[in-house]
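Analysis of the macromolecular model
Listed here are the chains, written in short residue letters.
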Amino acid sequence: LDDIFIGQKLLAFNNRNPEKKHACEIILIGKNLTADRNAEVHCHFEKYDEMLIQGMFMNAEIEIQNQISDVLPEESVVLFEAKNYVFVQQSNNVFSMVEVQIGVSQDGFTEILGNNSSINNKNIAVKGAYTLLMQLKNTEEE
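Rules used in this analysis
Residues numbered from 1 in each chain as written. Predicted model: local features only at pLDDT ≥ 70, side-chain atom pairs only at ≥ 80, totals over all residues. Heavy atoms only, no water. Salt bridge = Lys/Arg side-chain N within 4 Å of Asp/Glu carboxyl O. Helix = DSSP H or I, 4+ residues; strand = E, 2+ residues; numbered from the N terminus. Buried < 20%, exposed > 50% of the residue type's maximum accessible area, 1.4 Å probe, protein only. Core = buried A, V, L, I, M, F, W, Y, C linked by side-chain atoms within 4.5 Å. Contact = heavy atoms within 4.5 Å.

Looking now at the pattern of salt bridges. This model, assessed by the stated rule, comprises four salt bridges. For K9, the salt bridge goes to E46, with nearest N and O atoms at 3.4 Å. With K9 in strand β1 (residues 9-13) and E46 in the loop between β3 (39-45) and β4 (59-61), this residue pair connects regions lying 37 residues apart in the sequence. Residue classification places E46 among the exposed positions, given a relative accessible area of 52%. The salt bridge involving K20 is made with D49; its shortest N-O contact spans 3.0 Å. Here K20 is found in the loop between β1 and β2 (22-33), whereas its partner D49 is found in the loop between β3 and β4, with 29 residues between them in sequence. Connected through salt bridges with shared partners, the residues K9, E25 and E46 form a single ionic network.

Moving on, we come to the nonpolar core. In this structure, L72, V77, V86, V88, V98, V100, I112, I119 and I124 together form the largest nonpolar core, which totals nine residues. For this core, the secondary-structure elements that each account for two or more residues are β7 (83-91) and β8 (94-106). The residues touching L72, leaving out its near neighbours within four places in the chain, are V86, G108, F109, T110, I112 and I124. Core analysis: the next-biggest nonpolar cluster, separate from the first, contains seven residues, V78, A125, A129 and L132 among them.

Right, here's the structure in full:
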């Protein structure tokens, strides 16, 4: 919510027809978050669409200020015992779990926060991370 403001432009769409985007401008930002961390934002549409009903709930794509971040594919990050991990290749078919702090996930990528010296310039498993986790944990239990 800190990154949106009144007067900001966005593209709104509904679940029934997500391909059809409507250009809007924010006119009011709700101060309360729902249990799933959503907030109500009221907008005016730049072009009237008779298929939309006043007051209906919609989804939106809002462009906020860009920043450069380290990211990995979402499927390369696994959640285990309330912590996030990636698998770093040690040698051929040998991987180790390295804890990472994550930020925002969007468009199939997850932001990696903080000092990433333990994974920078390393080969990271970008597919099959959950399979590696299950193999590692099953081996440890035996």
